[in-house]
Structure formats: structure tokens, C-alpha cells
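# Fold and contact review
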Amino acid sequence: MDYFLTDEQKEIRNLARQIADEKIAPVAIEYDEKGEFAWEIVEILAKSDLCGLYIDEKYGGLGGGVFELCLVTEELSRACGGIALSIAATALGAFPIILSGSEDQKERYLPDIAKGKKLAAFAITEADAGSDIGAMQTTARREGDFYIVNGTKQWITNAGEAEIYVVIAVTDKSKGPRGASAFIVEKGFPGISFGKKENKMGIRSSATREVIFDDCKVPKENLLGGEGKGFIIAIKNFDHSRPGVGAQAIGIAQGALEKAVQYAKEREQFGSPISSFQGIQFMLADMATQIEAARALVYSVAKAIDSGQKGFAKESAMAKLFASDVAMKVTTDAVQIFGGYGYMKEYPIEKMMRDAKITQIYEGTNQIQRNIIAQALIKEAASKKKK
Amino acid sequence: MKIIVCVKDVPDTESNIRITHDGKGIEQESVTFILNPYDEFAVEEALRIKESIGGEVMALTLGLQSAERVLRACFGLGVDNGILIRDDNFTNDPFLTASAIASYLKNISFDILLFGKKGVDLNYGQVGVMTAEILGIPSVSAITKLEIGKSKVLCHREAEGNVEKLEVPLPAAFTAEKGLNEPRYPSLKLKMQAKKKEIQVVEAQKTDSRINLVKMEYPPKRPEGKIIEDNPEAASKLVDFLHNEAKVF
């Protein structure tokens, strides 16, 4: 379908697609098996300027927005959802600096991210603080010109590979969620280390590790947006990044659909290709329709964010929720169409099903997304009543 | 080091090629044009030489005004500037192309002249060596390696599984074979800048053509293949097929 992309957006999409087909697809299974981070691909993406699409030209980016980030995430995810994540997770680490950083912080950190010289990460989740961010244990206390950070963050995407971390830590326990603050922490700061690489079900080429802070000294200039702003920064960040998870989900689903159609045309049973059976045809038709609906939603939300719509938490949650549920359904059906072959690791389709699953879980489980949507609905209804 | 890379825009081999009514060319509208894949190797080599020892890379193309798109593609890869030798009656005659390029280049100083070994559209593979011949400079075709020395260069060619090494004084022309390098992807930033970049346009010097394109025809349709099923009788069926239907024995 034609989404009326500008010439520039078409060029971004085509280049990302070309790199995905030529460079990522041939190595996706290998990286998945080894669980290694695909630096060779990140370097290609960096040289082609695909790392800094959403960063202002002033800081060396291409001056695009959430929409451009979605385009590239989708195309890369068609070939490998795990490798695509290195770029999308960097955006999750960069958005807090873009949205809440001071001029000095932007100048210090954004150009290297835009060039793809450095990756970024966002560290909020802890062992006992997943959906319940209020249970966070990591602390930061002010000592002279520094904040001393202590605690352990868990399941941090890009951990160990990224140079720049935006970390949420509690600066004032008595204030609850309003007592959390955000800091920019560099990999080289004293007192930061990384736990073992997690052995994951999917997105296995992506690096997921603990980030451990042991009296980590962070200069006070690296506090983002003032003390107590951590929670708001995190929420704003997720509102901007969730369409990107949706885009990742659409990409994975699209890749699975293309493979399923191809396979259905080639696989013969009872003397004819299985694509001639209505049972398979209906499945393919439903898969394609669901993907297109998810894409339309993700693109619309991304465009609304970029055009400056105020308050888009609800729509952003919808984009992530719907697209990730579609991806799970589509990839499961794709495995079904492949039959026994689909269950085998020699075929690329089971990986897509494993990769799709995480999109329903991270950046807020889909249950949390439903909470956000419902709360927004109830709030909207309440404000109408007052009038 | 001044390097000139001669490039051509050719129909994407994945495009649906349709021959024009008069049988003398192909329909332009239905085709996507791309930088000739062999020229990609030439451009990449030029950029690598520039990046390692410094210099300037100029891309040159010959054809209709629309051929400037191929120069913009080169800018997106990092080429410094471009020249279009415009020929409104462009005919794909290698001698005419080589003559026009040579007549432009004879007044220009350069160290290295690079071409792709052939265009993937008509596969003549003549323009590079013809241009060098008209200019009176040495040329080596289908190179797989290029090492720049002080006043001469060493290049490799593949010859029947062996490597042929040749030393050539500069200025010289080379045509690029697959395997010379791995071409880079364009940079989006350079691509954006490329749209506004100035392209120098000169009129092509015309020479009389010595080739007359009589007619283009589609290749004959291939007959459908035959599958002999894998069972105990397969071998005897295959022998029977080769004897009586395919008549190879």
C-alpha cells in the first residue's frame, strides 16, 4: 500500500531494505545460534547514516523523527528482529537526551550516536521492578560534584555494547515515583560493570545483560532534566519508543508472511502446491490483512508524534499492543504453514516466532499497554463530564 | 591523485524489459535505472584510493540529460564531482562513446581512468579499452587488484585460474572485474546533498557510427522442463528421455 512517503523516506526505506536483504538476512540464523552481537552490521548501518535518522541535523543526524526510525526498524526487522534492535534500543537510550537533555548534554552525546560511533541504552528495569517501576532499588546520592549510583539493572538491551546509558535511580526515597531521577552514565565511568549475557528465547543476537553500579561516580552535569524528573522522563521516553516496537513487530511479521507465501507456492502435497488450498489461502489473507492494519496504525501514530500532537500515550500504547499481538499471531501461523519444516531450526521461520514474542513483553507488557489505554479512556471521559 | 571513473546507468536486471516498437531500443518508462554493477567496483576502487592516499574522484557519464541520475548516485557514494557528456542522440555505439569521452579527456589531466569491465545492458565491454587506445595511454582490462606505487601501479588479472600481474605507468586506464573490492552502500547524508550538487554538462563530440543496430528481439521462450520422479525406474526413464526425446546420444 502507498503510504505517501516523501522521496527522502523512500530512500531511507529502500536503503534499509537493501542492507537487510543483502547483509542481514544471510547471517541472521548464524547470529541467532551464536547469540553474538552483530557489530559488522551496525558498522554498515552507521556508514549509511541509518543510526541517526531521528536526531536533529544540528547534532549530525538526518533530522527525521519517530516515523523514520520506524521505517528503518521495520525494514531491518524483516530480516532479523534481533539485529534491528541494536538501532531501536539505541533510540530508547537517545530519546531521553533529545527530549530532556540540556544543550551541553546534547552536544556531548548526540553526535556520536547520530554517526553510529556509539550505541546507547536505557536502564530502568530491575529484578523486582519490572512493570512496577515504583519498586526500584537503585539509588543515587549527591556527594559534592558527583552522584554516587548503587544498584543493579536487569535485562538491559545493548548492555556492554553501548557506550552511553540513561539510568533511572532513586534520589529521594520519601517522594515515591517523584523521587526518581535520570542520569547519563558512560561505559567508562568508575563503578559500572556488566553481568553475564542472558540466554534468551529470541532476539538472541541482541545483547541483554545486567548493568551493575557499585559506587559509580556520575558527574552532576549528567543529571537529566533535574532531580525528581526520572519517572516523567521514562514515561515520555516509552511514549516515543513504543511505535518503534510496533515497527519491529510489523517487520518480523512481514518477513514471516513473505516466507510463508513463498513456501506455500513451492510446497506440494496431494499433487498440488499448498497455496492452492483454501485453508492456506485464508490464513495468508488474514496474516496480510492484520499486518497492513498494524502498519497503518503504527505509521499514523508515528506521524502524529512527529507532527507535534500533545499527549499520545494512549495511541503509542495501542500501536505497540496491536502490532506485537499481530506479529505473534502471524509468525505462529507462518510456522503452521511450514508444518514440520517450520518447527526445524534449519528453516528461518521458527526464529521469527521466537523473536516476535518479546515484542509483547518488553517496553511494557501488553497488559500494561491495556492499562495505559484504559486509564486514558477513563481520564478522557472524566474530563468531558466536568464540562 | 586525480581519478576519473566513467559510469553508465543501465536498466536494473530485475526490471521488466520491453523492446520499443521500431525494435531499436527499449522502453524507458517501465525500467528502473541503476549504476552499472561493474562500475560500482570502479567507483569503490577510486574512493578507496582517494581515502588511502588522497586526491579527487570525478565521475563521468555520457548519454541523455537523464543520465545525470547516475552521477547523483555516485555522489551518494562519496564521489567529489561529476560531468555529463550530453548526447541527445545517444545510440549505445561503443566507438562513438569512447571517441566522445576521449575527445573530452584529451584536454584534461588525470592519473587514473577507471571503468567497469562492461555494461550489464549490452555487454559490449569495449568502451574502456577503446577510450585508452584513442588517448594513447596503457590500459588493463578486468582487473581484480590495484596497488598504487610512486609513478606506476601494479594490477592483477585473473587468467585461467592463475593471477597475471602487470605493472603500468600512469596515467593509465583500468576496467574493473567483480571481486576487485566490495562496494559500499550509499550514505543517506551524501545522497541528500547530491540532489543539489552542480553537474558540469558538455556536448558530446560526434563521430560517424560504424555499427548499425538492425533489430532487437526477445530471446525465444524456453520449453518447459521435464521432471523424472525419483523411483527405481528413474534411471531407465532418464536414459530413454536422453535417447529419444532430447536426442543427445
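Residues numbered from 1 in each chain as written. Chains lettered and ligands numbered in written order. Predicted model: local features only at pLDDT ≥ 70, side-chain atom pairs only at ≥ 80, totals over all residues. Heavy atoms only, no water.

Moving on to the overall build of chain A. Helices and strands together make up the secondary structure of chain A, namely eleven helices and ten strands. The globule rule puts the C-alpha radius of gyration for 387 residues at 21 Å, and the 21 Å found for chain A is close to it. C-alpha extents for chain A along the principal axes are approximately 80 × 55 × 40 Å. Within chain A, the fraction of its 387 residues that count as buried is 54%. Within chain A, counting contacts between residues at least 6 apart in sequence, those at least 24 apart form 74% of the total. On chain A, roughly 16700 Å² of surface is accessible, and the fraction owed to carbon and sulfur atoms is 54%. (Helix = DSSP H or I, 4+ residues; strand = E, 2+ residues; numbered from the N terminus. Rg over C-alpha atoms; globule rule 2.2 N^0.38 Å. Buried < 20%, exposed > 50% of the residue type's maximum accessible area, 1.4 Å probe, protein only. Contact = heavy atoms within 4.5 Å. Areas by Shrake-Rupley, 256 points an atom, 1.4 Å probe, with all protein chains shown as cover.)

With that out of the way, let us pick up the packing of helix α1 (residues 7-24) of chain A against helix α4 (residues 66-79) of chain A. Residue and element names in this part refer to chain A. It is the contact of α1 with α4, at a shortest axis distance of 8 Å, that shows an interaxial angle of 20°. Of the possible angle classes, the one that applies to α1 and α4 is roughly parallel. Crossing of α1 over α4 shows right-handed handedness. Counted together, Q9, I12, R13, A16, R17, A20, D21 and I24 of α1 and F67, E68, L71, V72, E75, L76, R78 and A79 of α4 form the full contact between these two elements. In terms of residue class, the contact of α1 with α4 is built from nine nonpolar, one polar and six charged. (Axes fitted to C-alpha atoms, helices over the stretch in contact; angles between N-to-C directions. Parallel < 35°, antiparallel > 145°, perpendicular 65-115°, else oblique. Left-handed = near helix turned anticlockwise from the far one by under 90°. Nonpolar A, V, L, I, M, F, W, Y, C, P; charged D, E, K, R; others polar.)

If pLDDT is low for a region, its predicted coordinates should not be looked at in detail. Taken over all residues, the pLDDT of chain B has a mean of 92, while the share at 70 or more is 100%. For this predicted complex, the interface score ipTM comes out at 0.83, alongside a pTM of 0.89. (pLDDT = per-residue confidence, 0-100.)

Moving on, we come to the pairing of strand β9 (residues 162-169) of chain B. All names here are of chain B. With eight bridges joining them, strand β8 (residues 152-159) and β9 adopt antiparallel strand pairing. Across the sheet, the residue bridging to A159 is N162, located in β9. What sits between the antiparallel neighbours β8 and β9 is a turn of two residues, in which E160 has the positive phi angle 50°. (Pairing = 2+ DSSP bridges.)

In this structure, the amide linkage connecting B:L170 to the following residue, B:P171, adopts the cis form with an omega of 0°. In this structure, B:P171 sits in the loop between β9 and β10 (172-176). A positive phi angle, near 55°, is found at A:F270, a position not held by glycine. Inspection of the secondary structure puts A:F270 in the loop between β9 (268-269) and β10 (272-273). Residue class for A:F270 comes out exposed when judged on its relative accessible area of 80%. Backbone geometry places A:E363, a non-glycine residue, at a positive phi of 55°. Tracing the sequence through the fold places A:E363 in the loop between α10 (349-359) and α11 (366-386).

If you look at the biggest cluster of nonpolar residues, it comprises 95 residues, and the most contacted ones within it are A:Y165, A:V185 and A:I337. When residues in this core are grouped by element, the largest group, 13 residues, is from helix α7 (residues 230-266) of chain A. With sequence-adjacent residues up to four places away left out, A:I337 is seen in contact with A:A260, A:Y263, A:A264, A:I274, A:I280, A:M283, A:L284 and A:M287. Core analysis: the next-biggest nonpolar cluster, separate from the first, contains 35 residues, B:V7, B:V43, B:L77 and B:C155 among them. (Core = buried A, V, L, I, M, F, W, Y, C linked by side-chain atoms within 4.5 Å.)

Bringing the packing of aromatic side chains into the picture now. Residue and element names in this part refer to chain A. As enumerated under the stated definition, the model contains 13 aromatic pairs over all chains in all. Judged by centre distance (5.6 Å) and plane angle (40°), the rings of Y165 and F194 are tilted. Residue Y165 is found in strand β4 (residues 164-170), and its partner F194 is found in strand β6 (residues 192-197); the two are separated by 29 residues along the sequence. The pair Y165 / F194 is uniform in exposure class, with both members buried. An aromatic cluster of three or more residues is present, and its members are Y263, F338, Y341 and Y347. Here K217 stacks its cationic end above the ring of F146, 4.4 Å away from the centre of that ring. (Phe/Tyr/Trp six-rings, centres within 6.5 Å; stacked < 30°, edge-to-face > 60°. Lys NZ or Arg CZ within 6 Å of the ring centre and 35° of its normal.)

Turning next to a negative patch on the surface. Residues and elements named next belong to chain A. Together, D7, E8, D56 and E57 give the surface a local cluster of negative charge. Assignment of secondary structure puts E8 in helix α1. E8 sits in the partly exposed class, given a relative accessible area of 32%. (Patch = residues over 30% accessible without salt bridge, like charges linked within 9 Å, V, L, I, M, F, W, Y side chains within 5 Å. Salt bridge = Lys/Arg side-chain N within 4 Å of Asp/Glu carboxyl O. Lys, Arg positive; Asp, Glu negative; His and termini not counted. Charge placed at Lys NZ, Arg CZ, Asp CG, Glu CD.)

This part is about the pattern of salt bridges. Residue and element names in this part refer to chain A. This structure, assessed with the given rule, holds 41 salt bridges over all chains. The residue R17 makes a salt bridge to E75 at a minimum N-O spacing of 3.0 Å. Of the two residues, R17 is situated in helix α1 and E75 in helix α4; the sequence distance between them amounts to 58 residues. Residue R17 is classed as partly exposed on the basis of its relative accessible area, which comes to 32%.

Listed per partner, the contact involves 17 residues of chain A and ten residues of chain B. Taken together, both faces of the contact between chain A and chain B bury some 1100 Å²; the carbon and sulfur share is 59%. It is A:E11, A:L15 and A:D49 that lose the most area in chain A upon contact with chain B, and together they represent 41% of the buried surface on that side. For the pair chain A and chain B, the interface holds two salt bridges. Put simply, A:K23 and B:E182 hold a salt bridge, and the shortest N to O gap is 2.1 Å. Taken together, chain A and chain B are joined by seven residue pairs in polar contact (both at pLDDT 80 or more). Where the side of chain A that touches chain B is concerned, the elements lending two or more residues are α1 and α3 (39-47) of chain A. It is α1(A) that provides the largest number of residues to the side of chain A that touches chain B, a total of eight residues. Along the lines of polarity and charge, the residues of the side of chain A that touches chain B split into seven nonpolar, four polar and six charged. (Buried area = accessible area lost by both parts, 1.4 Å probe. Polar contact = N/O pair within 3.5 Å; in protein donor to acceptor, adjacent residues only side chain to side chain.)

This part is about the sheet that holds β10(B). All names here are of chain B. As summarised here, the arrangement of the nine strands in space is β9-β8-β7-β10-β6-β1-β4-β5-β11, forming an open sheet in which the pairing is mixed. In the strand order of this sheet, the two ends are held by β9 and β11 (200-203), each with one partner. Geometrically, the sheet is characterised by an average inter-axis angle of 35° between neighbouring strands, direction not taken into account. Where strand β7 (residues 139-148) lies against β8, five bridges are found, and the strand directions are antiparallel. Its bridge partner being in β8, I148 is matched across the sheet by V153. Strands β1 (2-6), β4 (56-63), β6 (112-116), β7 and β10 of the sheet are contacted by helix α1 (residues 37-53), whose axis makes an angle of about 150° with β6.

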